[in-house]
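The primary structure of each chain is shown beneath.
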There are 2 protein chains.
Amino acid sequence: MDGADDRTDGRARAVVARDDVEFDVRDARLLRAVDRTGSVAGASSALGRSRARDLARIETLEAAFGALVERRRGGSGGGGSRLTPAAVDLLERFERLSVAVAATARVPETVLRGPVASVDGELAVVSTPVGEVCGLHQGVDAGDEVQVRVGADAVTVLLSGADPAAGDSSARNRLRGTTVDVDRGGTVATVGVDVDGTVFRALLTDDSTVRLGLQKGREAAISWKATATRVAGDRP
Amino acid sequence: MDGADDRTDGRARAVVARDDVEFDVRDARLLRAVDRTGSVAGASSALGRSRARDLARIETLEAAFGALVERRRGGSGGGGSRLTPAAVDLLERFERLSVAVAATARVPETVLRGPVASVDGELAVVSTPVGEVCGLHQGVDAGDEVQVRVGADAVTVLLSGADPAAGDSSARNRLRGTTVDVDRGGTVATVGVDVDGTVFRALLTDDSTVRLGLQKGREAAISWKATATRVAGDRP
DNA sequence: ATGCGTTGTATCATCGATGATGCAACGCCG
DNA sequence: CGGCGTTGCATCATCGATGATACAACGCAT
């Protein structure tokens with residue numbers, strides 16, 4: 001149902017951009033190889049690439065991002081190259097971004113459908129089968145038929161006895177339901193909570209599932225942040 | 001600091017894959033154009049592409065994803081093409097994925113650094129300046145120096161009076177701090193909460209900031225889920 | 001002084017992706 | 001029956017990305 005086919009999986013490629021030049025995986029590999037081998041020539045041959053091309057690439061990157069590789073011609077060993085602190089920062093940022101988007105592409109999701117009731121700036125409220133839900137959007141209009149996506153890593157599960165009013169938290173979306181399955185995966189579990197017929201998927205640590213006493217059939221409450229829910233057009 | 005340069009921004013390209021063939025933006029545009037114009041020929045000329053090429057692309061996509069475009073040769077209007085339900089599902093899934101990864105690429109982040117204390121399956125606990133933090137990882141080992149990333153859309157802010165023990169929620173990471181800035185952006189605000197010198201960024205609706213009475217200087221508590229925090233290598 | 005391995009730079013070759021073109025087959029419609 | 005616009009299919013052309021190669025400049029070590 002609804003794109004949850006097995007065999008098909010979502011992926012994402014990260015890129016950090018500045019001034020129309022994009023730093024991507026390939027560039028990250030190059031910088032890492034330079035760091036490892038101590039020279040651009042060494043990096044290129046280690047990666048099986050053209051040294052001239054890599055040098056040129058480094059220059060276009062530096063035109064946008066500033067100095068990345070300190071190159072030294074002549075001297076002991078014939079010369080060599082080192083990453084600048086800026087390059088290390090860039091690599092680390094790319095790594096974080098990569099890991100983050102790869103994770104959101106891999107995580108289960110629950111999707112609600114309905115018309116958008118109103119739009120206020122970057123926020124849209126959508127009428128869904130479980131009530132009005134608020135989320136971030138990008139260019140939808142009131143009346144549009146849309147899908148609302150909530151990542152399983154964004155929904156937290158509460159003891160069903162917990163206060164559902166929740167005036168004291170910034171996570172306003174709160175619903176009650178009954179857990180329909182708990183799939184323990186060793187250390188991380190995904191649990192399904194049925195709310196009025198639509199089941200929400202939540203990603204929890206195994207720890208949390210036992211601490212909360214989650215079991216099939218038990219009542220549970222879920223909550224998630226408006227700023228963690230995305231509304232996507234249905235077919236633009 | 002730490003990659004938070006302005007001028008440079010993170011991006012992500014979504015892809016849904018099956019059997020080594022990847023459905024990307026370009027394919028999405030093609031299918032949408034077919035849906036809009038009613039024919040592959042119309043879609044190709046609308047997009048300024050080669051019709052033969054587009055037809056071939058559709059066939060390789062169908063080899064992996066199943067029937068996507070019902071093509072009819074001859075008949076009224078000379079023939080035409082329609083999307084199958086599977087194609088609509090695929091488009092919708094792609095749209096959700098696109099929106100989701102684009103958002104996580106755009107959202108502010110807070111990063112903690114330190115050595116990983118232990119690893120248990122997909123979970124790693126890292127010793128950071130604010131204490132031990134637990135997050136999802138992918139191939140790091142105990143002792144590695146890593147960065148821990150928490151997206152601003154994943155941290156929820158609580159009234160400072162709220163119970164920090166929190167045995168009743170699946171969000172275990174809880175900290176107290178003082179809010180150092182509230183940047184209202186019209187409908188969505190990002191607030192900074194200082195905890196022992198590291199400031200956490202949280203994305204909240206403006207509503208929530210007033211409901212919680214957030215102001216610079218006030219105490220605040222934050223919490224986030226282990227399954228929403230990613231640990232990334234420092235330099236693999 | 002000579003050798004060495006690197007950087008700096010220019011040029012050519014290759015390969016894959018993509019668009020352009022041409023023509024046959026199809027089937028409804030007037 | 002002929003016209004029409006589409007699909008089906010093959011082939012050529014073009015362009016950009018990338019690797020390969022060549023040679024000069026450099027500066028430390030021997």
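Predicted model, so just to flag it, every value in this text is computed and none were measured.

Procedures and definitions
- Starting afresh in each chain, residues are numbered from 1 along the sequence in its written order.
- Written order decides the labels, with chains lettered from A and ligands numbered from 1.
- Restriction of local features to residues with pLDDT of at least 70 applies here, the model being predicted, together with a cutoff of 80 or more for giving and counting side-chain atom pairs; totals for whole chains, interfaces and linings are based on all residues.
- Based on all heavy atoms of the structure, the side-chain values leave hydrogens and waters out of the count.
- Residues are treated as being in contact if the distance between any of their heavy atoms lies within 4.5 Å.
- In short, buried area is how much 1.4 Å probe accessible area vanishes from two parts on joining, totalled over both.
- Whenever Lys or Arg places a side-chain nitrogen within 4 Å of a carboxyl oxygen from Asp or Glu, that contact is recorded as a salt bridge.
- Numbering goes from the N terminus for both helices and strands, where a helix is a DSSP run of H or I of at least four residues and a strand is a run of E of at least two.
- We call Asp, Glu, Lys and Arg charged. Ala, Val, Leu, Ile, Met, Phe, Trp, Tyr, Cys and Pro are nonpolar, and the rest, Gly among them, are polar.
- Any two strands are treated as partners once DSSP identifies two or more bridges connecting them.
- Where each domain starts and ends follows an automatic or database-derived domain assignment.
- Consider each residue's heavy atoms; a residue with any of them within 4 Å of a molecule or strand counts as near.
- Here a polar contact is recorded for every N or O atom pair within 3.5 Å, except that within protein the pair must consist of a potential hydrogen donor and a potential acceptor, and residues adjacent in sequence are included only if both atoms are side-chain atoms.
- Relative accessibility under 20% of the residue-type maximum defines a buried residue, over 50% an exposed one, and the middle range a partly exposed one, all with a 1.4 Å probe and only protein chains included.

S.K.: Please explain the interface of chain B and chain A as it appears in this structure.
M.R.: Accessible area lost during the coming together of the parts is what is often quoted as the interface size. Contacts between the two partners involve 81 residues from chain B and, on the opposite side, 81 residues from chain A. Summed over both partners, the interface of chain B with chain A comes to about 7,100 Å²; 49% of that surface belongs to carbon and sulfur atoms. There are twelve salt bridges connecting chain B and chain A. The shortest N-O distance in the salt bridge between arginine 11 of chain A and glutamate 22 of chain B comes to 2.9 Å. For the side of chain B that touches chain A, the element with the highest residue contribution is helix H4 (residues 85–106) of chain B, accounting for 13 residues. Tallied by class, residues from the side of chain B that touches chain A come to 34 nonpolar, 17 polar and 30 charged. Bridge count between strand E1 (residues 9–18) of chain A and strand E1 (residues 9–18) of chain B: nine bridges; the pairing is antiparallel. Following the sheet pairing, arginine 11 of chain A is matched in E1 of chain B by valine 15 of chain B.

S.K.: I tried to follow the domain arrangement of chain A on my own but got confused; where do I start?
M.R.: The domain architecture assigned to chain A consists of domain 1 (16–105) and domain 2 (109–233). A straight line from the C-alpha centre of domain 1 of chain A to that of domain 2 of chain A covers 40 Å.

S.K.: What should I look at first to understand the protein's contact with DNA strand C in this one?
M.R.: In the vicinity of DNA strand C, 26 residues are found, and the nearest of them are Val40, Gly78 and Ser81 of chain A together with Arg53 and Gly74 of chain B. Take arginine 51 of chain A: an N or O atom from its side chain is 2.9 Å from a base oxygen of DNA strand C. At a separation of 3.3 Å, a base nitrogen of DNA strand C approaches a polar side-chain atom of serine 50 of chain B. When residues of the surface near DNA strand C are traced back to their parent elements, those giving at least two are helix H2 (40–47), helix H3 (51–65), strand E3 (69–73) and strand E4 (79–83) of chain A together with helix H3 (51–65) of chain B. Broken down by element, the residue count for the surface near DNA strand C peaks at four residues, all from H3 of chain A. Its residues assigned to classes, the surface near DNA strand C comprises five nonpolar, eleven polar and ten charged.

S.K.: Mind showing me how you'd approach the pairing of strand E6 (residues 123–128) of chain A here?
M.R.: On a regular strand, one side chain projects to one face of the sheet and the next to the other, so that they alternate. Residue and element names in this part refer to chain A. Most of E6 is tucked away: five of the six residues are buried. Where strand E5 (residues 109–120) and E6 come together, four bridges link them in antiparallel fashion. Bridged to aspartate 120 within E6 is leucine 123. Bridge analysis of E6 against strand E7 (residues 131–136) gives six bridges, and the strand direction is antiparallel. By the bridge assignment, valine 126 is partnered in E7 with valine 133.

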